[in-house]
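Observations on chain architecture
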Amino acid sequence: MRLILLGPPGAGKGTQAERLVDDFDLPYFATGDILRAAVKEESELGRAAKDYMDRGELVPDDLICAVIMERIDSSEAEDGFLLDGFPRTLGQAEALDRMLEELERDVSLVLEFQLPAELAEQRLLGRARQSGRKDDTPEVIRHRIQTQLVPEALVEHYRAKGVLVGIHADRTVEEVFAEVQSVLETAAAR
Ligand code: AMP
């Protein structure tokens, strides 16, 4: 199974992904986690990405695409993967399509976690308060959400392929996971 999770920051993708990884034993590639680790290590990638991340902006497509393609082309991802936080632009989706085509594979399912921007903002503010991350100011959070709402072109790209499923993310973790499970079961039975 080759799964993609889309949704604004705060929509709960990471939480749902953790459960999916446990249940389905899929290799999990979360670009935000990969980039944060790179910044910590002060690797070349981390140095290139840091300023964008600090400003709450997307890193350039070529940078992030190289990172993800390497993983998807690895033996680890041979039987499937779960992508969280990638693709975020149409360009990234097209790069992923080209890579999968070369490997004679395709995307199985794209789950779009739908959450209004105001609710995403409230959740991120709450998270910032809890973790004491003082660099997450309301302004930075608002900017991050505005720059990272899922572009309609990306949603349309996967809708046209017939692999898109919308998930109402404005519910409890358990409720959302129950829906995700049922969507996956339906897809597996097809
Ligand atoms: P996340 O944890 O997914 O919110 O990602 C944290 C930060 O990493 C984002 O604010 C972006 O700066 C960067 N990032 C993560 N994934 C991508 C991506 N697919 N394209 C561009 N930038 C990304």
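So, here's what we can say about the structure. What you are looking at is a predicted structure, and each value in this text was computed from that prediction instead of being measured.

So, the overall build of the protein chain
- Looking only at helices and strands, one finds nine helices and five strands in the protein chain.
- Rg of the C-alpha trace for the protein chain: 16 Å, near the compact-globule value of 16 Å for 190 residues, within the 12% margin.
- Principal-axis analysis of the C-alpha atoms places the extent of the protein chain at approximately 45 × 40 × 30 Å.
- For the protein chain, the proportion of its 190 residues judged to be buried stands at 43%.
- Contacts in the protein chain between residues far apart in sequence, at least 24 positions, make up 74% of those at least 6 positions apart.
- With an accessible surface of roughly 10200 Å², the protein chain has 47% of that area assigned to carbon and sulfur atoms.
- Computed over 23 positive and 38 negative side-chain charges, the inter-centroid distance for the protein chain is 5 Å.

So, the pairing of strand β4 (residues 109–114)
- Taken across its six residues, β4 has five buried, putting it largely inside the fold.
- Taken together, the four bridges between strand β1 (residues 2–6) and β4 define a ladder with parallel strand orientation. Residue pairing in the sheet places Leu 6 in a bridge with Glu 112 of β4.
- Both β4 and strand β5 (residues 164–168) contribute to a ladder of five bridges, which runs parallel. Its bridge partner being in β5, Glu 112 is matched across the sheet by Gly 166.

Quick word on the environment of Leu 109
- Mapped onto the elements, Leu 109 comes out in strand β4.
- When the C-alpha atoms of Leu 109 and Val 39 are compared, they prove to be 30 Å apart, with 70 residues separating the residues in sequence.
- Excluding residues that lie within four positions of it along the chain, Leu 109 makes contacts with Arg 2, Leu 3, Ile 4, Val 163, Val 165, Val 183, Leu 184, Ala 187 and Arg 190.

So, unusual backbone geometry
- Note the cis peptide between Phe 86 and Pro 87, where omega equals -5 degrees.
- Of note in this structure, Asp 25 is not a glycine but carries a positive phi near 55 degrees.
- Of note, Glu 42 is a non-glycine position whose phi angle comes to about 55 degrees, a positive value.
- Along the chain, Glu 42 falls in the loop between α2 (31–41) and α3 (44–54).
- Assessed through its relative accessible area of 58%, Glu 42 is described here as exposed.

Looking at a negative patch on the surface
- A contiguous patch of negative charge on the surface is contributed by Glu 70, Asp 73, Glu 101 and Glu 102.
- Structurally, the position occupied by Glu 102 is in helix α5 (residues 90–102).
- Look at Glu 102 and you get exposed, because its relative accessible area is 66%.

Reading guide: rules and limits
Residues numbered from 1 in each chain as written. Predicted model: local features only at pLDDT ≥ 70, side-chain atom pairs only at ≥ 80, totals over all residues. Heavy atoms only, no water. Helix = DSSP H or I, 4+ residues; strand = E, 2+ residues; numbered from the N terminus. Rg over C-alpha atoms; globule rule 2.2 N^0.38 Å. Buried < 20%, exposed > 50% of the residue type's maximum accessible area, 1.4 Å probe, protein only. Contact = heavy atoms within 4.5 Å. Areas by Shrake-Rupley, 256 points an atom, 1.4 Å probe, with all protein chains shown as cover. Lys, Arg positive; Asp, Glu negative; His and termini not counted. Charge placed at Lys NZ, Arg CZ, Asp CG, Glu CD. Pairing = 2+ DSSP bridges. Patch = residues over 30% accessible without salt bridge, like charges linked within 9 Å, V, L, I, M, F, W, Y side chains within 5 Å. Salt bridge = Lys/Arg side-chain N within 4 Å of Asp/Glu carboxyl O.

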